[in-house]
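Letter by letter, the chains look like this.
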Amino acid sequence: MKKDRLKKLAGDKRFIPGIYNYCDRWCERCPQTSHCLNFSLSEEEFSDPETQDIQNEAFWKKLSGIFGETLELLKEAAKEWGVDLDTLDSTDDIEKMKAKGEAAENHLLCRAAKKYAEMVKDWVDEKETLFFETAAAARDGVDLDEAVEVIRWYQYFICAKITRAVRGKIDEEEERDDEFPSDSDGSAKIALIAMDRSIAAWAMIRHYDTYGAEAVVDIIAFLDGLRQAVEKTFPRARSFVRPGFESFDLNG
Ligand code: SF4
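Analysis parameters
- Residues numbered from 1 in each chain as written.
- Predicted model: local features only at pLDDT ≥ 70, side-chain atom pairs only at ≥ 80, totals over all residues.
- Heavy atoms only, no water.
- Near = heavy atom within 4 Å.
- Nonpolar A, V, L, I, M, F, W, Y, C, P; charged D, E, K, R; others polar.
- Phe/Tyr/Trp six-rings, centres within 6.5 Å; stacked < 30°, edge-to-face > 60°.
- Helix = DSSP H or I, 4+ residues; strand = E, 2+ residues; numbered from the N terminus.
- Buried < 20%, exposed > 50% of the residue type's maximum accessible area, 1.4 Å probe, protein only.
- Axes fitted to C-alpha atoms, helices over the stretch in contact; angles between N-to-C directions.
- Parallel < 35°, antiparallel > 145°, perpendicular 65-115°, else oblique.
- Left-handed = near helix turned anticlockwise from the far one by under 90°.
- Contact = heavy atoms within 4.5 Å.
- Core = buried A, V, L, I, M, F, W, Y, C linked by side-chain atoms within 4.5 Å.
- Polar contact = N/O pair within 3.5 Å; in protein donor to acceptor, adjacent residues only side chain to side chain.
- Expected span 1.5 Å × (residues − 1).
- Salt bridge = Lys/Arg side-chain N within 4 Å of Asp/Glu carboxyl O.

Below, the discussion takes up the site of the ligand. Taken together, Cys23, Arg25, Trp26, Cys27, Cys30, Thr33, Cys36, Phe39 and Phe245 are the residues near the ligand. The residue inventory of the shell around the ligand, partitioned by class, reads 7 nonpolar, 1 polar and 1 charged.

Laid out in C-alpha cells, this is it:
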C-alpha cells in the first residue's frame, strides 16, 4: 500500500479515530467494522485467498510494507510536532521502561489475571469435551460452544489488558494529566467488559455442567474477585467512554 493511500484512508471521515484502542480485537463479532481503519486496512490488504494464509510469505511482506509506510508517516508527523524520535530511546529511558514493565508484571492484579488464564487452561485440559452438557443446552436453545468461545477469546486478553492498565497507571502517576481521559482507565474498562462477558459465559456452563460445578464456581468466584479488585484500582474505568462503542458522533 502506498503512503498516500494510507494517509487518505487515515483521514476518511467514515473511520472513528482510535476505535481499535479499546476494543476486544474480536473483529468477527465487532459491530463497528465499517468504522474501523484497522479492519478496513486488513480487508483491503489481505482479502485475496493467497494473502489470507498467515504462513504465506506474501502476508509478511505486505505487513512489513505497511509497517515501513506507517513509520514514515510517524516520522513526518513527529517532525511537524517538533519531536525528535531518535533521542527518545536513551539507555536511561530503556532501563526505566524495563523497570516499569517488570513492576507491572509483578503487580497483584496482573499475577491474578495470569492465574485466571491458567485456571481456564486447567479446566479445558481436564474437561476435554462438554458433549452431554452441549446437547442438554441445545435442547433449551442455548449454544454452549459459544460460551466456551467467549471464555477462550478472553482467557489471555484479560491479563494483557490489565497489564496495560497497570503499566499505564505507573506512567500516569509520574505525568498526571487530568485534561485527557486516561489510557489506563480505557484498558481497565475493556478488561472489565471481558470479565463481565466471561462470567456470564461461565454461568451458562455452570448451569449445564452439574458434575463439574465446583470447579466452575471456583473459577467464577476468582474472576469476580479480580473484577472487583480492578474496579477498586481503577474507579473511573467503568465511566470511560470508548470511541465508537459507548458513544460517538460521526459528524462531530
Ligand atoms: S474496533 Fe472492531 S473491527 Fe476494529 S480492530 Fe477492534 S474489534 Fe476489530
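In the structure shown here, the tally under the stated rule is 5 aromatic pairs. With centroids separated by 4.9 Å and ring planes inclined at 10 degrees, the aromatic side chains of Trp26 and Trp153 adopt a geometry described as stacked. Of this pair, Trp26 sits in the loop between helix 1 (3–10) and helix 2 (37–46) while Trp153 is found in helix 8 (residues 144–154), placing the two residues 127 residues apart along the sequence. Residue classification places Trp26 among the buried residues on the basis of a relative accessible area of 5%.

Orientation of helix 9 (residues 157–174) relative to helix 11 (residues 213–233), taken along the N-to-C sense of each, is 20 degrees, at an axis distance of 12 Å. Looking at the two axes, helix 9 sits roughly parallel to helix 11. As for how helix 9 packs across helix 11, the hand of that crossing is left-handed. Counting all contacts with helix 9, which are made through Ile158, Ile162 and Lys169, the residues of helix 11 involved are Leu223, Leu226, Val230 and Thr233. Partitioning the contact of helix 9 with helix 11 into residue classes produces 5 nonpolar, 1 polar and 1 charged.

Residues Ile158, Ile162, Met195, Trp202, Leu226 and Val230 are the most contacted members of the largest nonpolar core, which totals 43 residues. At the level of secondary structure, the elements contributing two or more residues to this core comprise helix 6 (108–127), helix 8, helix 9, helix 10 (183–208) and helix 11. A per-element tally of this core places helix 10 first, with 12 residues. Among the nonpolar cores identified, the runner-up in size contains 6 residues, and Leu6, Leu37, Leu41 and Leu73 belong to it.

With that settled, the discussion passes to the side chain of Ser184. Topologically, Ser184 is positioned in helix 10. By relative accessible area, which is 2% here, Ser184 ends up buried. Only 2.6 Å separates the side chain of Ser184 from the side chain of Glu172, close enough to count as a polar contact. Setting aside chain neighbours within four positions, we find Ser184 in contact with Ala165, Gly168, Lys169, Glu172 and Phe234.

Here the focus is helix 6. Each α-helix turn comprises 3.6 residues. Residues three or four places apart therefore point the same way. Between the first and last C-alpha of helix 6 there are 28 Å, a value that for 20 residues agrees with the 28 Å anticipated at 1.5 Å per step. Taken as a whole, helix 6 has its buried residues at Leu109, Cys110, Ala112, Ala113, Tyr116, Ala117, Met119, Val120 and Trp123. Buried positions along helix 6 lie against helix 5 (91–106), helix 8, helix 9, helix 10 and helix 11. Of the residues one or two after helix 6, Glu128 is the one with positive phi, at around 60 degrees.

According to the stated counting rule, one finds 16 salt bridges in the structure shown. Lys100 is paired through a salt bridge with Asp171; the nearest N and O atoms lie 2.9 Å apart. One end of the pair, Lys100, is in helix 5; the other, Asp171, is in helix 9, and 71 residues separate them in sequence. Among the residues examined, Lys100 registers a relative accessible area of 13% and is labelled buried.

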